[in-house]
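Reading the structure
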Amino acid sequence: MRDVAVVGIGMIDFGELWEKSLRTMWAEAALAALTDAGVDSVDMVTIGCMSPGLFAGQEHLASLLADELGMAGVPAARVESACASGGLALRMAFAEVAGGLSDTVLVTGVEKMTDVDGADATFALGTAADQEWEGFHGITFPGLYAMLAQVHMQRHGTTSEQLAAVAVKNHANGLLNPHAQYHLKVSVEDVLASTMVADPLHLLDCSPVTDGAAALVITTVERARELGSERPMVKITGSGLATDTMALANRNDLSQLDGVRLAAERAYAMAGRKPEELHVVEVHDCFTIAEIMTTEAIGLFDPGFGASAVDKGLTSLHGKIPVNPSGGLKSKGHPVGATGVAQVAEIATQLWGEAGQRQVEGATIGLAQNMGGSGGSSTVHILEVAS
Ligand code: COA
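Now for a look at the structure at hand.

This part takes up the overall build of the chain. For the chain, the helix and strand inventory stands at 14 helices and 11 strands. Its C-alpha atoms give the chain a radius of gyration of 19 Å, within 12% of the compact-globule value 21 Å for 387 residues. When its C-alpha atoms are laid out on the principal axes, the chain stretches across 55 × 45 × 35 Å. Expressed as a percentage of the 387 residues in the chain, the buried residues total 61%. Of the contacts made within the chain by residues no fewer than 6 positions apart, 78% connect residues no fewer than 24 positions apart. Looking at the chain, you have 23 positive and 46 negative side-chain charges, and the mean spots of the two groups are 6 Å apart.

Structure (structure tokens):
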């Protein structure tokens, strides 16, 4: 396998972007990444997008979006793995470059979610659950994650206050991220007083519905050197992809996310790294319980200790292992197809030392974990400053 480097990132401000179409958002992020990388042509474009048909009435994104950039003719592919579509777009692009099929790939993620009303958005998101065994019975994603939270609480004594502490931390980090959807300081009391969505998850335990796009340019280490950037060389040293059962009813243990654990194990094995070597982490906090469970699944904490780690400040911006310095999905927003790409953009920014007020000092090894549905799919990528 060839070594792969990240040489450019592009982010747009996430939010309720009524004035921007899917293709406009995508093109803004893609052009920003190409400009950042200093390249004007690529060998391949990958696009993570969960449900452009249901959210925006548009399919066949690969040709639509390549054409939008004036790149008609370039190989392009949209990939889908629910909310892990962005992570999958990177995985596919990583394989292209590492395997020698392409030298330089534009990796993108996009989702236009707010042009439909709340019920239609909930339906579209719900197609990422098992329709026969879950969706048909009326369960939604807040409901599925609420069930995971209930089990975690029963098994490990996790409390609503500890769930709320995740939202408090991530909203505090999001205040420092100009791209975040919500610049909102919240307290534990605010979270507990917000509307109950699915017991025990309140409104402020949930990620929002978001429009957004993000992009990366990845290439070989040789090409990265030719580009002559003054930034430290950041390589993707580990890539893990895994699945789990779609329906929660088929899981052995609802207090753990086995697909996330498997993806992380594969990424650590490829990179030759251990969880304790990480300096900064972005995980898929689509609900506060998800951050607790994913930090356990990627091995930062033993099962049952993810919640107390937040309480103790271990995952805060200046804690032992900062988690979601970007503000996470909770505050930055969760345009589902874009999320996995945006997470890696944050880790690259941190490793380049360009994260401004939310910089994790001295970070040279980071991890991004992206998850589809209630953990039915997961990607994990490890990035490192090359020595
Ligand atoms: N965090 C913080 N604030 C939020 C929010 C969130 N997750 N969701 C909505 N708000 C705010 C809105 O900005 C709005 O504020 P305003 O009154 O000052 O304008 C207010 O809360 C009400 O917003 P509204 O859009 O009417 O909320 P809603 O009840 O329709 O939706 C949720 C709230 C939590 C149900 C919705 O955001 C949701 O479904 N989130 C989960 C998305 C999801 O499942 N993603 C996939 C994960 S696997």
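That was the structure; now back to the text.
What follows covers the packing of helix α7 (residues 160-174) against helix α11 (residues 288-297). At their nearest, the axes of α7 and α11 sit 8 Å apart, and the two run at 95° to each other. On the basis of the axis angle, α7 is roughly perpendicular to α11. Contacts from Gln 162, Leu 163, Val 166, Ala 167, Lys 169 and Asn 170 of α7 reach α11 at Thr 288, Ile 289, Glu 291 and Ile 292. Its residues assigned to classes, the contact of α7 with α11 shows five nonpolar, three polar and two charged.

What counts, and where the lines are drawn
- Residues numbered from 1 in each chain as written.
- Predicted model: local features only at pLDDT ≥ 70, side-chain atom pairs only at ≥ 80, totals over all residues.
- Heavy atoms only, no water.
- Helix = DSSP H or I, 4+ residues; strand = E, 2+ residues; numbered from the N terminus.
- Rg over C-alpha atoms; globule rule 2.2 N^0.38 Å.
- Buried < 20%, exposed > 50% of the residue type's maximum accessible area, 1.4 Å probe, protein only.
- Contact = heavy atoms within 4.5 Å.
- Lys, Arg positive; Asp, Glu negative; His and termini not counted.
- Charge placed at Lys NZ, Arg CZ, Asp CG, Glu CD.
- Axes fitted to C-alpha atoms, helices over the stretch in contact; angles between N-to-C directions.
- Parallel < 35°, antiparallel > 145°, perpendicular 65-115°, else oblique.
- Nonpolar A, V, L, I, M, F, W, Y, C, P; charged D, E, K, R; others polar.

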